[in-house]
Amino acid sequence: MWNTIGALILDPNVRWIIVGCMLLGLSSGVIGSFMVLRKQSLIGDALAHAALPGICIAFMLSGVKSTGGFFIGALVAGVLATFGIRWITQYSRIKQDAAMGIILSFFFGVGVLLLTHIQHSGDGGQSGLDKYLFGQAASMMQSDVYVLAGISLLMIVICVALFRLFKLISFDPGFAKGMGLPVAFLEQLLLLLTVIIVVAGIQAVGVVLMSALLITPAIAARFWTDRLHIMVMVSGIFGALSGLIGTLWSGMVSQLPTGPVTVLAATVFFAISALCAPRRGWLAKLWSRKQTKEQWQRQGGISHE
Amino acid sequence: MSSDFWIILTACLMSAACGLLGCFLILRKMALIGDAISHAVLPGIAIAFLLSGTRDSLAMMIGATALGLLAVFLIQWLQNSGIQSDASIGIIFTALFAIGVIIISLNARNIDLDLDCVLFGEIAYVQWDTWTANGIDMGPRSVWMLGSALLIILLLLALFYKQFKISAFDPAMAVACGIPVMLFHYLLMGMVSMTSVASFESVGAILVVGMLIIPASTAYLLTDRLGRMLMYSVLTGVVSSIIGYYTAYILNASIAGSIVTVAGILFGIAFVFSPKHGVLIRRLRQRRSQGTAIAE
């Protein structure tokens, strides 16, 4: 087994894919921490679905499959989706979860409509467009990894630079407003960063599973600490490790898709954290409950049993 | 009978079933649980298919429905252990969906189940996939499956209308009245996963979500009464199915995609022009009240 892993790491193509997936996991773990704390974690799901019509329209306009074009198309669609969700909640009595569901499925429906329209029109250049749905990390090339690396670095730099501001709007937006901070702008910026990372990740893990990379590492990290900067770091590490495990494992077994394995790896990290984390984990809670009970009995308290 | 008829009938049955359930999901603020269930039934479908080898079994329907319920149960469990609700939905449904995709990809050779088909469905093929009993052709299988799902939903809603209504609007009062709220919660969730399974072949997992949420939200903007809301929701769903079918025909594109698109456009119209809660009427009302304030 170690030989196969060694051979995989030595293969330059695989190495690019590993680097790409790890960077993706790292940056989505970092951004995801803020989204989870702001209780907007499912917005990643809505944005990933909303990217589909953007990709299709970009293809219809340009006629070629170019990563740059798709990126811009998906970005525009994602930004429109965030506005849509905001409008629906602001101007009607529909709640945010339903608004997200409406935008998600409407955009996706339009996307499927356009995708099948393109496919049936018989343009030879479209083949493989549907790969964006499930993602295909194996198709990532060196140039894609460069783009992904650039985006991840940008994300991390922005998050470090604006860490205090993001922290404030995540925990107490009312106070931030009172201090005269541009809260609406910062919220929109955070959403924009999410859109960018989601769009960048779709190619690797696909539309449906992208949201897991935002949510699962962040929640797993939440179990280990109460401090935001540690949570962000741990979440990034969990994300990167999931990317590594996902790529290696799917490289060893034929026909095993990378995206789902990465998501499952993240879920395993979550399960381990939920079980074993100190203080917040399930076992620790069980232990402390037992301790308290014993202490109570030692003090001569009345047991219920 | 012609293919148009069967396709439209399937779509209408599906949107009626989804429209009825969607109203309760919207009212209980659980729209995204519907999303989660429709993704989470995928491994159930894959496992049942792997075990039985056919798509036609009742076993598959039951197995996948059970998995949908399991997802709801797990989400509830995570919430009770202190994880915020949106994140617990996200963790569970992506994990289950990932398992489903892995099972299908690993068994691509033995499984006659196309991933694209699972996600978007292929309603155009319903007429060829018929159900034969005692050698007699009984018509498309999807129609039977969706028809029985709709029948079960109608029956349960008719029997327990009051209970569902009270637990939708005021769960605390429902508990006080002695209604087993949790039982009705899981009953509703069971119906949602049953409908997702029954319609995954015709419209696919993701578009089921659209038909669960969009027509019900449209109806929610049009009325304040539950009975009317259910009616409007079903009506919007059926109208979107019919218009969607012909749009898809003209554009030569996916029928399921175009049905959801039409439903979304209808929602947009209701959003702007609804006589009760539309954007326009709100503006007018605002201006009028401003006018009277100035006049005074």
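Refer to the structure printed above.
Remember, it's a predicted structure, so these values are computed and weren't measured experimentally. (Residues numbered from 1 in each chain as written. Chains lettered and ligands numbered in written order. Predicted model: local features only at pLDDT ≥ 70, side-chain atom pairs only at ≥ 80, totals over all residues. Heavy atoms only, no water.)

Engineer: Explain the overall build of chain B to me, and be specific about the residues and the numbers.
Structural biologist: Across its full length, chain B carries 13 helices and two strands. For chain B, the proportion of its 296 residues judged to be buried stands at 57%. Put simply, 73% of the contacts in chain B that link residues at least 6 apart link residues at least 24 apart. Entry remark: accessible area of chain B is about 12600 Å², with carbon and sulfur atoms responsible for 66%. (Helix = DSSP H or I, 4+ residues; strand = E, 2+ residues; numbered from the N terminus. Buried < 20%, exposed > 50% of the residue type's maximum accessible area, 1.4 Å probe, protein only. Contact = heavy atoms within 4.5 Å. Areas by Shrake-Rupley, 256 points an atom, 1.4 Å probe, with all protein chains shown as cover.)

Engineer: Please provide a residue-by-residue account of unusual backbone geometry, values included.
Structural biologist: Glycine aside, negative phi is the norm for most residues, and most peptide bonds take the trans geometry. Phi is positive for arginine 279 of chain A, which is not a glycine, with a value near 70 degrees. With a relative accessible area of 64%, arginine 279 of chain A lands in the exposed category. Residue lysine 29 of chain B is not a glycine yet carries a positive backbone phi of 55 degrees. As for its placement among the helices and strands, lysine 29 of chain B is situated in the loop between helix H1 (3–27) and helix H2 (31–52).

Engineer: Lay out the nonpolar core with the relevant residues and their values.
Structural biologist: Core analysis: the largest hydrophobic core is formed by 184 residues, its most contacted members being Ile94, Phe166, Ile219 and Phe270 of chain A together with Leu188 of chain B. At 17 residues, the largest contribution of residues to this core is made by H1 of chain B. With residues near it in sequence (within four places) discarded, isoleucine 94 of chain A still touches Ile88, Thr89, Ala99 and Ile102 of chain A together with Ser217, Tyr220, Leu221 and Phe267 of chain B. (Core = buried A, V, L, I, M, F, W, Y, C linked by side-chain atoms within 4.5 Å.)

Engineer: Residue-level account of the interface of chain A and chain B, with values.
Structural biologist: Taken together, the 54 residues of chain A in the interface contact 59 residues of chain B. Across the interface of chain A and chain B, roughly 4700 Å² is buried in total on both sides, 74% from carbon and sulfur atoms. Inspection of the region where chain A meets chain B yields one salt bridge. One salt bridge connects arginine 93 of chain A with aspartate 224 of chain B, and the closest N-O pair in it is separated by 2.9 Å. When contributions to the side of chain A that touches chain B are tallied by element, the ones reaching two or more residues are helix H3 (43–62), helix H4 (67–91), helix H5 (96–120), helix H6 (131–134), helix H11 (210–222) and helix H13 (258–276) of chain A. The element that contributes the greatest number of residues to the side of chain A that touches chain B is H5 of chain A, accounting for 16 residues. Taken together, the residues of the side of chain A that touches chain B sort by class into 31 nonpolar, 16 polar and seven charged. (Buried area = accessible area lost by both parts, 1.4 Å probe. Salt bridge = Lys/Arg side-chain N within 4 Å of Asp/Glu carboxyl O. Nonpolar A, V, L, I, M, F, W, Y, C, P; charged D, E, K, R; others polar.)

Engineer: Could you give me a rundown of the packing of H1 of chain B against helix H6 (residues 141–159) of chain B, with the residues and numbers involved?
Structural biologist: Axis angle and axis distance: for two packed helices, these are the angle between their axes and the distance between the axes, and together they describe the pair. Residue and element names in this part refer to chain B. Two elements in contact, H1 and H6, have axes separated by 9 Å at closest approach and are oriented at 30 degrees. By the angle class used here, H1 and H6 are roughly parallel. Between H1 and H6 lies a crossing of left-handed hand. Contacts between H1 and H6 pair Trp6, Leu9, Thr10, Leu13, Met14, Ala16, Ala17, Leu20, Leu21 and Phe24 from the former with Ser142, Val143, Leu146, Gly147, Leu150, Ile153, Leu154 and Leu157 from the latter. Classifying every residue of the contact of H1 with H6 by side-chain character gives 15 nonpolar, three polar and no charged. (Axes fitted to C-alpha atoms, helices over the stretch in contact; angles between N-to-C directions. Parallel < 35°, antiparallel > 145°, perpendicular 65-115°, else oblique. Left-handed = near helix turned anticlockwise from the far one by under 90°.)

Engineer: Go over the environment of leucine 115 of chain A with me, naming the residues and quoting the values.
Structural biologist: All names here are of chain A. Secondary-structure assignment places leucine 115 in helix H5. Judged by relative accessible area, which is 3%, leucine 115 ranks as buried. Once the C-alpha coordinates of leucine 115 and methionine 60 are considered, the two residues, 55 residues apart in sequence, prove to be 9.6 Å apart.

Engineer: Lay out the pattern of salt bridges with the relevant residues and their values.
Structural biologist: All names here are of chain A. Enumeration according to the criterion identifies six salt bridges over all chains in this entry. Between aspartate 226 and arginine 279 there is a salt bridge, with the nearest N and O atoms lying 2.8 Å from each other. Of the two residues, aspartate 226 sits in the loop between H11 and helix H12 (228–252) while arginine 279 sits in the loop between H13 and helix H14 (282–298), which places them 53 residues apart along the sequence. For arginine 280, the salt bridge identified is with aspartate 226, shortest N-O distance 3.2 Å. Of this pair, arginine 280 sits in the loop between H13 and H14 while aspartate 226 sits in the loop between H11 and H12, and the two are 54 residues apart along the sequence. Aspartate 226 gets classed as partly exposed once you look at its relative accessible area, which sits at 48%. Residues joined in a network through salt bridges with shared partners are Arg222, Asp226, Arg279 and Arg280.

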